[in-house]
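# A look at the structure
Here is how the chains run, residue by residue.
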Amino acid sequence: MTRVAGAGTPAGVGGWRIGVLLFPALLGLCVFVLGPALVSAFAAGTDKTLTGPSFHWVGAANLREAFRDPDFGKSVRNTLLYCLLTVIPSVVIGLALALATQKVTRGAGALRLALFVPVSANLVAIAVVFAYMFDPSDHGLANTVLGWFGAGPRDWLGDESTSLPVVALVGGWRLTSFVFVVYLAGLTAIPASVYEAADVDGIRGFARLRHVTLPLLAPTTIFLAVFTTILTLQTFETVAVLTRGGPFRSSSTVIYYVYEIGFTGSFRIGYASAIALLLILTIVLIGVLGAVLGRRARERAARVEADGPDVGVDGVAGAALVGLGAAGAAGGARGTGRPAEVVR
Amino acid sequence: MTEPPIGQPVTDRPERATSADGSRSPVTGRHAHRVTRRSHAPDSGRVAGLAGRAFVLTVGVFFALLPFVWMARTAFGPSQSALSLSSNPIPESVSFDAFSRAFRDGHLGRAMLTGILVSLAILLLQLLTAIPAAYVFAWLPFRGRGVVFGLVLATLLIPSQVTAIPNYVTISALGLSNTRVGLVLPFMTSAASIFLLRQYMTTIPVSVLEAARMDGLGLFRTLRTIVVPLSMPAIATVSVFSFLLSFNEYLWPLLEARSPEIATPPLALATLVASPPSGLPDFAELAAGALIISLPTLVVFLIAQRRLTAGLAGTGVGD
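Residues numbered from 1 in each chain as written. Chains lettered and ligands numbered in written order. Predicted model: local features only at pLDDT ≥ 70, side-chain atom pairs only at ≥ 80, totals over all residues. Heavy atoms only, no water.

Assigned secondary structure in chain B consists of 14 helices and zero strands. Secondary structure of chain B in N-to-C order comes out as α-α-α-α-α-α-α-α-α-α-α-α-α-α. Scored against the burial criterion, the 319 residues of chain B give a buried share of 53%. Expressed as a percentage of contacts within chain B between residues at least 6 apart in sequence, the contacts between residues at least 24 apart total 72%. (Helix = DSSP H or I, 4+ residues; strand = E, 2+ residues; numbered from the N terminus. Buried < 20%, exposed > 50% of the residue type's maximum accessible area, 1.4 Å probe, protein only. Contact = heavy atoms within 4.5 Å.)

Okay, here's the thing in structure tokens:
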């Protein structure tokens, strides 16, 4: 449904009334999100510390320091590895679970519920349990399983080579459940008529999955790939609770490093902000890329599904990405055009 | 599994099985389909597919629930020592001892109260700020609305860890450092909530809003009596997500709640992990604590799960 300007607008709409409705939200966003982000961007060019009485403009010195800082380099490599270890498996497994759940008739509710549970999990609580499953003693769960194969116990979280993978396992466990939820919503948004048409054409089984279901899910897949990447780039809780970045920074992520620099030790807010700024720029880039890819995938999906795009979660998600990307790229000028168009 | 009789006419199957809550179940339709066309598909492929799905689901459910089962088994177990795989999966005697230890040492009762109060306050504030804003972005055009909405969306890209530093300074300047209000205030509005509510509100049929206008309803009454009741599914979804996120928030309380009196549940548990009262980690106690602080979000999720998928799928009111 296309909206006519002014249609549905109540009588007697004055500017001040719109202002009253918008003010609380804009106040909150400006004071606690947008303002702080700008302050952070400014602080990135200074040598400000939390406790120091004064600070100076140092220009790009913080950025230059970051590129030379081996600890930062380590945290970047760790974060990328963490992304790789969580995003790809969780998207693949989440999709497989969503597809498998689709055909279950009896007990589907209970099944879905069991697979939803990790999303609601408290990460600190889960980290406690995982820390204990990967206990270095020989009766931790992981070491017991190792014992079955005749291998000796390992100090999973205290070993430089396994600390990050174990932290990623905890993150991936929860992420998979999130991916599952979103794919499930994406699958329910595919109209039955599409499958009927495929059946008439004799496309079934694996061929249907490859030529019908997956192309129709492509916008959801791209949304998930981008969104989960952005999420995992900001990994903090699991690291903070499981390893505190150790041992020897082997599991320190970028955001954990920002936290360490800004909130512990010498509280170097300036340097921490500079690193955070680099992270935001990366996230914006990925968001823009996702928006472009998402738009293409939606166009392709619309061609597969002849009777016009059905807006499910992928529509909303895609619109969100387009909104985000456009906002990031063009200063927000084009942020709204697409969502209004996509959502009828 | 209930399978329709073989040879059932294709037209008998439901066009688009839609349950009352709007979540479409594609199961019935296509299941019947497969059986009807059975002669075309090789049986072995069907069995392999079924086995594959069963395997994927079994493994998935096993790993999804494993930490919780492990948590419960450890928490209810009698010993303070680590549980081994060889021990009986069902404890011989159920003991609530670990729970009372967790409540006592971790001050979890106080923390749970704080966590629930803070999360509900955040939820209330977010709804009060996001609903009117979403209404404006959905239905009330003004010059520059696109730019403003774009800026709102852009805030979604900013990691909360980045804003934490300046927010810490702001909250301190307001004299709210180390208070419950200080825990709530930075989350008073949520761009994600505004966006989701706005998307849903655009699906309200124009005719309904036109009728409200004919009846002479003003802006605020239209919002209160028409838009809010019609947006209830989205409001429910947003509320659940808001509660889950606030209750599980870790970084901000870690910075802000310096005194243990206002620690939130994740913080209280993390403190118990970092400094066990006896000097040695008490796994049963920690598992009990983990179980306790997982309960509120689990309960909320159990109640709301049906709504969540429906709300996420974004089925419009008058579509």
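From this point, the narrative continues.
All right, on to a nonpolar patch on the surface then. Residues and elements named next belong to chain A. Where nonpolar side chains cluster on the molecular surface, the patch consists of Leu81, Leu84, Leu85, Ile88, Val92 and Ile93 and spans about 530 Å² of accessible area. Note on placement: valine 92 falls in helix H3 (residues 70-102). Exposure remark for valine 92: the relative accessible area of 52% places this residue in the exposed category. (Patch = residues over 30% accessible without salt bridge, like charges linked within 9 Å, V, L, I, M, F, W, Y side chains within 5 Å. Areas by Shrake-Rupley, 256 points an atom, 1.4 Å probe, with all protein chains shown as cover. Salt bridge = Lys/Arg side-chain N within 4 Å of Asp/Glu carboxyl O.)

With that settled, consider the confidence of the model for chain B. Interpreting fine coordinate detail is not advised for predicted regions of low pLDDT. All names here are of chain B. Per-residue pLDDT for chain B has a mean of 78; in total, 77% of the residues score no lower than 70. The secondary structure element of chain B with the lowest average pLDDT is helix H1 (residues 27-36), at 43, and the one with the highest is helix H4 (residues 108-139), at 94. Contacts for the low-pLDDT stretch residues 1-39, under 50 throughout, to residues beyond four places or in other chains number 61 contacts. Across the whole predicted complex the pTM is 0.77, and at the interface the ipTM reaches 0.75. (pLDDT = per-residue confidence, 0-100.)

Moving on, we come to the pattern of salt bridges. Using the criterion set out here, one finds six salt bridges over all chains in the structure. Glutamate 260 of chain A is the salt-bridge partner of arginine 249 of chain A, the closest N and O atoms lying 2.7 Å from each other. Of this pair, arginine 249 of chain A sits in the loop between helix H10 (237-242) and helix H11 (254-263) while glutamate 260 of chain A sits in helix H11, placing them eleven residues apart in sequence. Judged by relative accessible area, which is 21%, glutamate 260 of chain A ranks as partly exposed. Salt-bridge contacts for aspartate 105 of chain B lead to arginine 104 of chain B; the nearest nitrogen and oxygen are separated by 3.1 Å. For aspartate 105 of chain B, a relative accessible area of 23% gives the class partly exposed. Since its relative accessible area comes to 55%, arginine 104 of chain B is described here as exposed.

Let's shift gears to unusual backbone geometry. Positive phi outside glycine occurs at arginine 249 of chain A, with the angle close to 65 degrees. Judged by relative accessible area, arginine 249 of chain A falls into the partly exposed class, the value being 25%. Of note in the backbone geometry, asparagine 178 of chain B takes a positive phi value of approximately 65 degrees without being a glycine. Relative to the helices and strands, asparagine 178 of chain B resides in the loop between helix H6 (160-173) and helix H7 (180-184).

On to the packing of aromatic side chains, then. Per the counting criterion, the structure on display carries 22 aromatic pairs over all chains. Summarising the aromatic geometry, the rings of phenylalanine 134 of chain A and tryptophan 156 of chain A are spaced 5.4 Å apart at their centres and angled 75 degrees between planes, so their arrangement reads as edge-to-face. Here phenylalanine 134 of chain A, found in the loop between helix H5 (123-133) and helix H6 (141-148), pairs with tryptophan 156 of chain A, found in the loop between H6 and helix H7 (163-188); they are 22 residues apart in sequence, far enough to count as distant. When sorted by exposure, phenylalanine 134 of chain A lands in the same class as tryptophan 156 of chain A, which is buried. Taken together, Phe236, Tyr256, Tyr259 and Phe263 of chain A together with Tyr168 and Tyr250 of chain B form an aromatic cluster joined through their ring pairs. (Phe/Tyr/Trp six-rings, centres within 6.5 Å; stacked < 30°, edge-to-face > 60°.)

So, about helix H11 (residues 232-248) of chain B. With 17 residues, H11 of chain B extends 24 Å from end C-alpha to end C-alpha; this agrees with the ideal 24 Å at 1.5 Å per step. The buried count for H11 of chain B comes to 13 of 17 residues, which makes it a mostly enclosed element. (Expected span 1.5 Å × (residues − 1).)

Take H3 of chain A next. Spanning 33 residues, H3 of chain A covers 48 Å between terminal C-alpha atoms, matching the ideal 48 Å at 1.5 Å per step. Of the residues that open H3 of chain A, the one with a side-chain oxygen 2.9 Å from the backbone nitrogen of aspartate 71 of chain A is aspartate 69 of chain A. (Polar contact = N/O pair within 3.5 Å; in protein donor to acceptor, adjacent residues only side chain to side chain.)

Note on placement: threonine 129 of chain B falls in helix H4. For threonine 129 of chain B, the residues in contact, after removing those within four places along its chain, are Pro24 and Ala25 of chain A together with Met188 and Thr189 of chain B.

Relative to the assigned elements, proline 247 of chain A resides in the loop between H10 and H11. Sequence-distant contacts of proline 247 of chain A, defined by excluding residues within four places in its chain, comprise Leu157, Gly158, Asp159, Glu160 and Ser163 of chain A.

This next bit is on the packing of H3 of chain A against H7 of chain A. Residues and elements named next belong to chain A. Where H3 meets H7, the axes come as close as 6 Å, and the angle between the chain directions of the two elements is 40 degrees. Between H3 and H7, the interaxial angle falls into the category oblique. Crossing of H3 against H7: the hand is right-handed. The residue makeup of the contact of H3 with H7, split by class, is 20 nonpolar, nine polar and no charged. (Axes fitted to C-alpha atoms, helices over the stretch in contact; angles between N-to-C directions. Parallel < 35°, antiparallel > 145°, perpendicular 65-115°, else oblique. Left-handed = near helix turned anticlockwise from the far one by under 90°. Nonpolar A, V, L, I, M, F, W, Y, C, P; charged D, E, K, R; others polar.)

This part covers the confidence of the model for chain A. Residue and element names in this part refer to chain A. Per-chain confidence: chain A averages 78 in pLDDT, with 84% of residues scoring 70 or above. Counting contacts from residues 1-5, a segment whose pLDDT is below 50, to residues more than four positions away or on other chains yields seven contacts. Between residues 307-344, whose pLDDT stays under 50, and residues either more than four places distant or in other chains, the model counts 87 contacts.

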